[in-house]
Amino acid sequence: MNTIDQLIFGVLPYLAMALFFIETIRRYVTEKYSYTTMSSQFLENKQHFWGMMAFHYGIIGTIAGHIIAFLLPKSVLWWNSYPIRLYILEATAFIFGALSLFGVAAIIYRRISNPRVKVTTRFTDWIIYLFLTVVIVTGVYIAMFYGWGTSWFAASVTPYLWSLVKFQPQIEYVASLPPVFKTHFFCVFILIALFPFTKLVHILVAPNQYMLRKRQVVRWRWGRNPHLIDTNSCELLVAG
């Protein structure tokens with residue numbers, strides 16, 4: 001157990017969570033209307049649809065699997081005690097990971113290849129895509145080349161995470177893991193720290209009201225440059 005392990009697994013998680021809660025609360029109180037995806041869907045929708053659909057389904061399934069293994073580790077280990085059920089769970093987890101990887105790759109390609117979308121992409125967007133890509137690639141790599149990830153997560157990672165919750169970090173559970181695992185953890189913690197400073201905060205605002213609110217009509221007045229949008233001349237008309 002070295003200093004780097006102690007920083008990554010013992011210090012960084014608490015720094016990340018402190019930034020997450022403090023900045024999320026501050027931003028909600030002082031900049032409530034900044035909780036938005038800054039969606040570029042109206043600029044181009046075909047690539048956007050396939051990339052975002054794959055990414056959202058993949059990442060939601062992946063996160064849900066991690067949460068289940070965190071909350072119900074004994075149930076996961078019991079399920080995996082039969083080989084056929086283990087194979088099914090591992091295959092399901094891999095499919096969700098592959099969907100996430102395809103989705104984030106499609107999103108990045110769209111951001112690079114479409115001039116209108118590229119010009120509206122912020123520096124913070126690229127930072128988020130970088131760490132998301134590393135997290136997903138390392139996760140898929142672990143699933144492919146190490147195997148039985150659902151079992152080792154429930155047996156090793158879950159006790160470590162619970163030790164963080166109890167403010168008694170036991171990093172020995174994860175300190176001996178290979179570098180690819182540590183890279184995965186490091187990027188996850190960095191994403192948590194960056195979360196409230198980026199458009200990822202829109203995840204915290206469930207869009208349930210969209211199902212009930214009145215239809216909206218958005219009209220755009222385009223400037224001379226077809227790759228730029230004059231946001232100051234936008235009209236938002238609410239029908240009804």
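Reference entry: report on the structure contained in this document. All figures in this text were calculated on a predicted structure; none of them were measured in a lab.

## Focus: the overall build of the protein chain
The helix and strand inventory of the protein chain stands at 8 helices and 2 strands. For the protein chain, the N- to C-terminal ordering of α and β elements is α-α-α-α-α-α-α-α-β-β. Within the protein chain, buried positions represent 34% of all 240 residues. Put simply, of all contacts in the protein chain between residues at least 6 apart along the chain, 73% involve residues at least 24 apart. In the form shown here, the protein chain has an accessible surface area of approximately 15,200 Å², with 70% of it arising from carbon and sulfur atoms.

## Focus: the packing of aromatic side chains
Scanning the entire structure with this criterion turns up 16 aromatic pairs. An angle of 80° between the planes, with centres 5.1 Å apart, marks the rings of Phe-49 and Trp-50 as edge-to-face. The class of Phe-49 is partly exposed, set by a relative accessible area of 37%. The exposure class of Trp-50 is exposed, given its relative accessible area of 56%.

## Re the environment of Phe-9
If you trace the backbone, Phe-9 turns up in helix H1 (residues 3-30). With relative accessibility at 0%, the residue Phe-9 sits in the buried group. Spatially, the C-alpha atoms of Phe-9 and Gln-170 are 8.6 Å apart, while their sequence positions differ by 161 residues.

## Points about the pattern of salt bridges
Summed over all chains, the structure comprises 2 salt bridges. Across the pair Lys-182 and Asp-5 runs a salt bridge, and its minimum N-O distance is 2.9 Å. With a gap of 177 residues between them, Lys-182 in helix H8 (residues 179-194) and Asp-5 in helix H1 connect regions that are remote in the sequence. A relative accessible area of 4% places Asp-5 in the buried class. Notably, a salt bridge pairs Arg-26 with Glu-23, separated by 2.6 Å at the nearest N-O pair. Here the residue Arg-26 and the residue Glu-23 both occupy positions in helix H1, the gap between them amounting to 3 residues, near one helical turn. The partly exposed category is assigned to Arg-26, whose relative accessible area is 36%.

## Concerning helix H2 (residues 46-71)
In this model H2 runs 38 Å from its N-terminal to its C-terminal C-alpha over 26 residues, within 8% of the 38 Å that 1.5 Å per residue would give. Looking at H2, one finds that the buried residues are His-48, Gly-51, Ala-54, Phe-55, Gly-58, Ile-59, Gly-61, Ala-69 and Phe-70. Along its buried surface, H2 packs onto helix H3 (73-79), helix H4 (83-113), helix H6 (123-145) and helix H7 (149-165).

## Here's the deal with the nonpolar core
With 38 residues, the main nonpolar core has Phe-9, Phe-55, Tyr-160 and Phe-185 as its most contacted residues. Listed by contribution, the elements that provide at least two residues to this core are H1, H2, H4, H6, H7 and H8. Setting aside its immediate chain neighbours within four residues, Tyr-160 contacts Phe-9, Pro-13, Gln-170, Ile-171, Tyr-173, Val-174, Phe-185 and Phe-189.

## Concerning the packing of H1 against H8
Viewed as axis vectors pointing N to C, H1 and H8 meet at an angle of 20°, and their least axial separation amounts to 8 Å. By the angle between their axes, H1 is roughly parallel relative to H8. For the element pair H1 and H8, the recorded crossing hand is left-handed. Across from Asp-5, Ile-8, Phe-9, Leu-12, Pro-13, Ala-16, Met-17, Leu-19 and Phe-20 in H1, the residues of H8 making contact are Lys-182, Phe-185, Phe-186, Phe-189, Ile-190, Ile-192 and Ala-193. In the contact of H1 with H8, the residues fall into 14 nonpolar, no polar and 2 charged.

The rules behind these values
- Residues numbered from 1 in each chain as written.
- Predicted model: local features only at pLDDT ≥ 70, side-chain atom pairs only at ≥ 80, totals over all residues.
- Heavy atoms only, no water.
- Helix = DSSP H or I, 4+ residues; strand = E, 2+ residues; numbered from the N terminus.
- Buried < 20%, exposed > 50% of the residue type's maximum accessible area, 1.4 Å probe, protein only.
- Contact = heavy atoms within 4.5 Å.
- Areas by Shrake-Rupley, 256 points an atom, 1.4 Å probe, with all protein chains shown as cover.
- Phe/Tyr/Trp six-rings, centres within 6.5 Å; stacked < 30°, edge-to-face > 60°.
- Salt bridge = Lys/Arg side-chain N within 4 Å of Asp/Glu carboxyl O.
- Expected span 1.5 Å × (residues − 1).
- Core = buried A, V, L, I, M, F, W, Y, C linked by side-chain atoms within 4.5 Å.
- Axes fitted to C-alpha atoms, helices over the stretch in contact; angles between N-to-C directions.
- Parallel < 35°, antiparallel > 145°, perpendicular 65-115°, else oblique.
- Left-handed = near helix turned anticlockwise from the far one by under 90°.
- Nonpolar A, V, L, I, M, F, W, Y, C, P; charged D, E, K, R; others polar.

All quantities given are derived from atomic positions and should not be read as evidence of function.
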